[in-house]
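Breakdown of the fold
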Amino acid sequence: MHDDRNLVEARLKRVLDERIRPAVYPESVPLDVAVWHAPGEPVPVAEGLSAVPEPIAVGDGWGAPWGTSWFTVTGTVPAAWAGRTVEAILDLGFDENMPGFQCEGLVYRPDGTPVKGLNPRNQWVRVAAPVEGGEEVRLHIEAASNPVILGYHPFQPTKLGDKETAGTEPQYRLARMDLAVFDETVWRLVMDLEVLGELMRELPVEGARRWDILRAVDRALDAVDPQDVNGTASAARERLAGVLATPAEPSAHRISAVGHAHIDSAWLWPLRETVRKVARTTSNMTALLDDEPDFVFAMSQAQQWAWVKEHRPEVWSRVTRAVSAGRFVPAGGMWVESDTNMPGSEAMARQFVHGKRFFLDEFGIENDEVWLPDTFGFAAGLPQVIKAAGSRWLLTQKISWSRTNTFPHHTFLWEGIDGTRIFTHFPPVDTYNCSMKGSEIAHAARNFKDKGVARHSLAPTGWGDGGGGTTREMVAKAARMRDLEGSATVTWETPAAFFTKAEAEYSDPPVWVGELYLELHRATLTSQARTKQGNRRSESLLREAELWAATAAVRTGHPYPYEQLDRLWKTVLLHQFHDILPGSSIAWVHREAERTYAVVADELGGIIDAAQRALAGDPGGDLPLLFNSAPHTREGVAAGGASAPLAAGGGTGVRPRDGGGHLLDNGLLRVEIDGRGLVVSAYDLAAEREAVAPGRAANLLQIHPDFPNMWDAWDVDEFYRNTVTDLVDADEVVPGEQPGSVRVTRSFGRSTVTQLLSLSPGAKRLDILTEVDWHESERFLKLAFPLDLRAERYASETQYGHVYRATHTNTSWETAKFEACNHRFVHLEEPGWGVALVNDSTYGHDVTRAVRASDGGTTTTLRASLLRAPRFPDPETDQGVHRFRHALVPGATIGDAVREGYVINLPARRMRGDAEVAPLVTIDDDAVVVTAVKLADDGSGDVIVRFHEAHGGRARATLTAGFPITGVVATDLLERPIAEPRRHGDTVPLTLRPFELVTLRLKR
């Protein structure tokens, strides 16, 4: 037989496009349309419904950037349509290729009842089925004219990302506004042909099944009369029934489809628009659940659920009913789908505490799965946080975006730094916006890397980013692929149902140890420095506020601000969303975040001040108190206590250096700063060891061109290193105003840098305060420290411990980690001697090594990433003044790195009073670090203390309560009991594994 595949496939395409799809709506009449443009920000629904609209016609422009327009559409169903199904087609000017990225709408009935959302792939609203004819139709549309930020030519700088600069030009033209007859038979024929046509193209040419489908499609098209599609569609469907009824092979891959709408809590739109995106999508999905009995929808991010409850009670009632039916599923158990690289230990824990507690309180539902499809890599400390929260499984999609190496598994055990293993799945469909195309389903089956030992995978199905979620077309396609020869089988299931099956069938999955590093989007560790500084500062202030408020409550009866702390934690957690904290959102988001962080800091400062004043007693007292919120003794003051500090011994001398510059010496370190303001020596006097590599200079600012191939705010490509400029010219190098310091000023481009380098008495660290007035574009600023160290690996702090990375590039996996994340410290060490670099607000860094020809020694260069200047999506990224604190700590052990990291992030607070403050809790081993002291969330007054082993070894210690206790219970992160440890009076003996995390409830 002749090969006529191309002929039939081309025929199928044209007949579908030009005849069958248009025949879904064979008759239509126009609706009358009027509009009211809300001034300023969105208005309440009642106000929008009651506003007086003015006429508008199809083809007219509407919608200033970020505006809201309330359309009223009215019409009458023709009497001739009696007995037929009628839908309103409401096209606001959509581009069907941009679901989630342009205008969207929510349809209401006149009484304010939400009907469903409108988006480019979902423009219909059912009026009635069947109609009698003559019915009056009146609908209202709350339409958001969100501008297109990421267009067909992506990553172009635009001022549309900030309402203040976006202008007032209408963004859209009103398109179709009709009442139309819906021919369900034709629509079902479209679904039949799409499923078979897409499947056919994925099957091997030499297989019989492809040809069976081809011939059936050809016969069906013969049955279609192009002049009377509606009259012949049923006959065409009959000719397809046989090939649609042939069951799948027993060995077929099995896909659990989960209805999904990945909605970024902020990205190319502000937070307030996400509130509406969620309302539109949940309205859509509850409507679809009513129509499709097999369909199941899952939504993550407790914050988004809380928004619906708070802002759209009329939608919330529909959602709660669907949850009760078990088909609208709270997923993930986190407050938002956060970044996981940069949030600190406690913040990562609280993402689960607040997320899981919301779902438990509202629905009694415990989330076993963690749902993070779009997060930009996963920190190695996360598995034990997941376990400590009472969860078991992790789903993500993003690692499939890696550009260098292909991850070797789709289902596996992920082992964290403490040995905790979490059952993990990467959907092989390679998208979190699956639309049930045959190519997607075939790709999932082919791509699945665990064939032969497992056969289940998951497909998150639906348009995301506000695109409205799953469509009736996706549900129809899934129904046809439930048991279809040549295809993977598709079944709607909850995430928990999928994971239960996947875990049961794969009893011994492979193990991946350490971080799940995304080989892409590395620059998110640096972009939008103010957002990152606001996060770090907020985390530190929250720690202090809880500590001192709890201490004041126990010691003095001072009221504990439960509700205020709960609200502030949720605010900080929201801003850890994976497009806010990483710096990849529009200008509006980051300007708003900066203002929010300032308010958070002010409120937390008030909590801290009030608690400390209650503890200090008479402010006119003679006792100079230092409040130490760090987990280690500082200046003689116990961790978590307040007392008069011990005077530091000695001082720091500043004297001229031979050859120019200055020399700092405090008896522990001797630091030489040359005439260029560079550190040419940092000498550990006790160890008689030099930290700076021979012939090199530290505290070296370096600037690179920074123009990645795409994803400007997200990416830095490795070729950025090919060109570098060392900023060695100084405008001024002079002694600083504070004792033991040197001030260095530099100018470059349109920017200036002022640095203060100082040695404090008794401190074995060089403090570096860097202030940058940054006015560069598409540049990357680094702070370099070439060290005389040979280390095969180095440590970076992560949640509840640290992760090791190689300093070499033996493999492509190591080479790909050319920019990586740290929290408060990076530590490099030869046996017996090391160096740490600690910081107060930076996350990105790189480490490289070279062997010197001069002496055969190794120079290991550590560079902290300070600033970038991408132009998309925020063309003014990071312009202005920034301040960073770093400290170089020669001779540092890993314990020193941990301690100094806390010192730089938790500065001492001082006030006068008449009473010392004993710590609520003490632990007699510095390797055991307390990360939280607070009152229990249940209001019982019990004290919660969370701690972990921080050095990476075994620890034996004793915890002593500074108040009478009646019992001790080990709990999970949600403060639920899991064990009763031994205690002796008010002490608890501890034995901890490396990096082990423990939470104790001390009963008062």
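Let me sum up the structure you'll find in this document. (Residues numbered from 1 in each chain as written. Predicted model: local features only at pLDDT ≥ 70, side-chain atom pairs only at ≥ 80, totals over all residues. Heavy atoms only, no water.)

Observations regarding the overall build of the chain
- Along its length, the chain carries 18 helices and 53 strands.
- Here the chain has a C-alpha radius of gyration of 31 Å; the compact-globule value for 1004 residues is 30 Å, and the two agree.
- With the principal axes as the frame, the chain shows a C-alpha extent of 100 × 65 × 60 Å.
- When burial is assessed residue by residue, the chain has 62% of its 1004 residues classed as buried.
- Considering only intrachain contacts with a sequence separation of at least 6, the fraction spanning at least 24 residues in the chain is 74%.
- Counting every atom, the chain has about 35,800 Å² of accessible surface; 49% of that belongs to carbon and sulfur.
- Separation of charge centres in the chain, based on 106 positive and 136 negative side chains, amounts to 2 Å. (Helix = DSSP H or I, 4+ residues; strand = E, 2+ residues; numbered from the N terminus. Rg over C-alpha atoms; globule rule 2.2 N^0.38 Å. Buried < 20%, exposed > 50% of the residue type's maximum accessible area, 1.4 Å probe, protein only. Contact = heavy atoms within 4.5 Å. Areas by Shrake-Rupley, 256 points an atom, 1.4 Å probe, with all protein chains shown as cover. Lys, Arg positive; Asp, Glu negative; His and termini not counted. Charge placed at Lys NZ, Arg CZ, Asp CG, Glu CD.)

As for the sheet that holds strand 42 (residues 844–851)
- The strand order 31-30-36-43-42-39 describes an open sheet built from six strands, whose pairing is antiparallel. Every other strand in the sheet has two partners, leaving strand 31 (725–727) and strand 39 (820–821) as the edge strands with one partner each.
- For strand 39 and strand 42, the ladder comprises two bridges, and the chain directions are antiparallel. Looking across to strand 42, one finds that Ala820 is bridged to His845. (Pairing = 2+ DSSP bridges.)

Some remarks on the side chain of Ser865
- Within the fold, Ser865 resides in strand 43 (residues 858–868).
- A polar contact of 2.7 Å, which involves the side chain of Ser865, links it to the side chain of Lys782.
- One polar contact links Ser865 to Glu819, side chain to side chain, over a distance of 2.5 Å.
- The contacts of Ser865, once residues within four sequence positions are left out, are Thr526, Phe780, Leu781, Lys782, Glu819, Thr842, Gly844 and His845. (Polar contact = N/O pair within 3.5 Å; in protein donor to acceptor, adjacent residues only side chain to side chain.)

What about the packing of aromatic side chains?
- Tallied over the full model, the rule gives 38 aromatic pairs.
- Aromatic pair Phe182 and Trp187: ring centres 6.2 Å apart, planes at 55°, arrangement tilted.
- Within the aromatic cluster, the residues linked to one another by ring pairs are Phe295, Phe297, Trp305, Trp316, Phe328, Trp335, Phe358, Phe359, Phe363 and Trp492.
- The ring of Trp187 has Arg472 lying over it, and the distance from NZ or CZ to the ring centre is 5.6 Å.
- If you follow Arg793 out to its NZ or CZ, it ends over the ring of Tyr804, 3.6 Å from the centre. (Phe/Tyr/Trp six-rings, centres within 6.5 Å; stacked < 30°, edge-to-face > 60°. Lys NZ or Arg CZ within 6 Å of the ring centre and 35° of its normal.)

Describing the pairing of strand 42
- Across seven bridges, the pairing between strand 42 and strand 43 is antiparallel. Bridged to His845 within strand 43 is Ala864.
- Between strand 42 and the antiparallel strand that follows it, strand 43, lie six residues; Gly856 among them carries a positive phi value of about 80°.

Observations regarding the packing of helix 8 (residues 313–324) against helix 9 (residues 345–363)
- For the pair helix 8 and helix 9, interaxial distance at closest approach is 12 Å and the crossing angle is 85°. Taken together, the axis directions place helix 8 and helix 9 in an arrangement best described as roughly perpendicular. For the pair helix 8 and helix 9, the contacting residues are Trp316, Thr320 and Val323 in the first and Phe358, Glu362 and Phe363 in the second.
- Its residues assigned to classes, the contact of helix 8 with helix 9 comprises four nonpolar, one polar and one charged. (Axes fitted to C-alpha atoms, helices over the stretch in contact; angles between N-to-C directions. Parallel < 35°, antiparallel > 145°, perpendicular 65-115°, else oblique. Nonpolar A, V, L, I, M, F, W, Y, C, P; charged D, E, K, R; others polar.)

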